[in-house]
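Residue-level structural notes
If you want the building blocks of each chain, they are given just below.
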Amino acid sequence: MYDLLAIGDATLDVFMHLNDASVMCELDNHNCKMCLNYGDKIAVDKVDFIIGGNAANAAVGSKRLGLSSAYLGTIGNDDTGKQIQSVFHKEGVSTEYLTVAEGEASNYSVVLNFQAERTILVHHNPRHYVWNVVHPPKWAYLTSAGAGFEPLYDKAIDMVRAGNVFLAYNPGTHQLKKGYEFLKPSLAITNILFLNREESSGLLNIQGEVSITELLTGLKNLGPQMVVITDGAKGSFVYDGKTIYQCGIFNGPVVERTGCGDAYATAFTVAICEGKSISEAMMWGSANSTSVLAYVGPQAGLLTVDGINQMIEKNKDVQPKTL
């Protein structure tokens, strides 16, 4: 039995670092847009090719934090697929439930990095996902998958319902577009739901400004036992049905932001899996995401337990509080 099974897509992220661009925002500094000259050739300062994907990041991150982890998903039989498998083998992540689709390409994303913020162009190949779980894990980490994901999610939900399996849930773009009615069965069995502020408003179909309390209570009413919302510079918020917690961000350099949400959610989940309190889990999440921000890509900065403790010690002035 694995401690954590990460379910979803893995991808090759191509990071393009730009200088020749501009950012335009509305008066409230929301709804910002990165602007490039249309029809022009844009110089790219640097290019990095890095394996990522929400499920892959969770599998690697939980393994570094001491859990036995496995990845369930489908990749192509191309060079990218081989790179994905190589990363898993190097990190000690089990590929027992990984499926290689003959004649298909692996997923691919282009990450435009400008002024330490990223815009991601994502391509998920349509998949026939294979469910081949023999022994249910202690925790399932269910996250982003591409077109054709519905049978995969149905199997994951059946597994959680049938066994003593806890569910950490971070739905991706394809899942959130389906809306609440589709997500209702999965939300009803979720132990920890992870979303950012924008995703939270979208799922609740809320337009305009709304308080974090309204978002937390609205999501809690959809069924999950615990709701976690990340909100950029404002830090993270957790609601367990009784108490709302808030934790500010740690100090550290910001090089590139891809994967910081995955890093937070993974460390938070591992902490809860290890029996730690919500406040401790928030500190673990903040430490892991802060480390990832200091590197290009979603996995280079993922921490070990020692690294988590060191990062928390450096930022001991930042403590969770109740609202």
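So, how was this worked out
Residues numbered from 1 in each chain as written. Predicted model: local features only at pLDDT ≥ 70, side-chain atom pairs only at ≥ 80, totals over all residues. Heavy atoms only, no water. Pairing = 2+ DSSP bridges. Helix = DSSP H or I, 4+ residues; strand = E, 2+ residues; numbered from the N terminus. Contact = heavy atoms within 4.5 Å. Axes fitted to C-alpha atoms, helices over the stretch in contact; angles between N-to-C directions. Salt bridge = Lys/Arg side-chain N within 4 Å of Asp/Glu carboxyl O. Buried < 20%, exposed > 50% of the residue type's maximum accessible area, 1.4 Å probe, protein only. Expected span 1.5 Å × (residues − 1). Arc of directions from axis to C-beta. Phe/Tyr/Trp six-rings, centres within 6.5 Å; stacked < 30°, edge-to-face > 60°. Left-handed = near helix turned anticlockwise from the far one by under 90°. Polar contact = N/O pair within 3.5 Å; in protein donor to acceptor, adjacent residues only side chain to side chain. Right-handed = clockwise from strand over helix to strand, strands pointing away.

Whenever strands of a sheet pair, they do so through backbone hydrogen bonds, lying parallel or antiparallel. Read across the open sheet, the ten strands follow the order S7-S6-S1-S10-S11-S12-S13-S14-S15-S16; overall the sheet is mixed. Each end of this open sheet is capped by a strand with a single partner; those strands are strand S7 (94–101) and strand S16 (321–322). In this sheet, strand S14 (residues 236–239) lies alongside strand S13 (residues 226–230) in antiparallel orientation, the contact comprising four bridges. Within S14, the residue paired with Ile-229 across the bridge is Phe-237. Sheet strands in contact with helix H8 (residues 260–273) are strand S1 (4–7), strand S10 (139–142), strand S11 (166–169), strand S12 (192–196), S13 and S14, and its direction is about 165° off that of S10.

Glancing now at the environment of Ala-300. With respect to the helices and strands, Ala-300 occurs in the loop between helix H9 (278–293) and helix H10 (305–314). Distance from Ala-300 to Ala-188, taken between C-alpha atoms, is 34 Å for residues 112 residues apart in sequence. Residue contacts for Ala-300: discarding those within four places in its chain leaves Arg-64 and Tyr-295.

Time to look at the pattern of salt bridges. Evaluation of the coordinates by the stated rule reveals six salt bridges. Ionic pairing is found between Lys-138 and Asp-3, a salt bridge with its closest N-O pair at 3.3 Å. One end of the pair, Lys-138, is in the loop between strand S9 (117–123) and S10; the other, Asp-3, is in the segment before S1, with 135 residues separating them in the sequence. Put simply, Glu-313 and Lys-316 hold a salt bridge, and the shortest N to O gap is 3.2 Å. Judged by its relative accessible area of 48%, Glu-313 is partly exposed.

What follows deals with helix H2 (residues 79–91). When the terminal C-alpha atoms of H2 are compared, their 19 Å separation across 13 residues agrees well with the 18 Å that a helix rising 1.5 Å per residue should span. Those residues of H2 not exposed but buried are Thr-80, Gly-81, Ile-84, Phe-88 and Glu-91. The arc that holds the buried residues of H2, viewed along the axis, is 105°, so those residues lie on one side. Turned more than 90 degrees from where H2 packs its buried face, Asp-79, Lys-82, His-89 and Lys-90 sit exposed. The inward-facing, buried residues of H2 contact strand S2 (11–18), strand S5 (44–52), helix H1 (54–64), strand S6 (69–76), S7 and strand S8 (107–114). Of the residues trailing H2, Gly-92 is marked for its positive phi of about 85°.

This part covers the packing of aromatic side chains. A complete count under the given rule lists eight aromatic pairs for this structure. An angle of 55° between the planes, with centres 6.1 Å apart, marks the rings of Tyr-153 and Tyr-169 as tilted. Of this pair, Tyr-153 sits in helix H3 (residues 150–162) while Tyr-169 is found in strand S11, placing the two residues 16 residues apart along the sequence. Both residues of the pair, Tyr-153 and Tyr-169, belong to the buried class.

This part covers the packing of H8 against H9. The contact between H8 and H9 brings their axes to 7 Å, and the two run at 150°. The element H8 and its partner H9 pack so that their crossing is right-handed. Contacts between H8 and H9 involve Cys-260, Ala-263, Tyr-264, Ala-267, Phe-268, Val-270, Ala-271 and Ile-272 on the former and, on the latter, Ile-278, Ala-281, Met-282, Trp-284, Gly-285, Ser-286, Asn-288, Ser-289, Val-292 and Leu-293.

Here we take up the side chain of Thr-290. For Thr-290, the location among the structural elements is in helix H9. A distance of 2.7 Å separates the side chain of Thr-290 from the backbone oxygen of Ser-286, its partner in a polar contact.

The buried fraction of S6 is high, at eight of eight residues. Burial of the side chains of S6 extends over both faces: Ser-69, Tyr-71, Gly-73 and Ile-75 are buried on one face and Ala-70, Leu-72, Thr-74 and Gly-76 on the other. One ladder, built from four bridges, connects S1 with S6; its direction is parallel. Considered in S6, the bridge of Ile-7 is made with Leu-72. As judged from the six bridges shared by S6 and S7, these two strands associate in the parallel manner. What sits directly across from Gly-73, in S7, is Leu-98. In the classification by handedness, the crossover that spans S6, the intervening H2 and the parallel S7 is right-handed.

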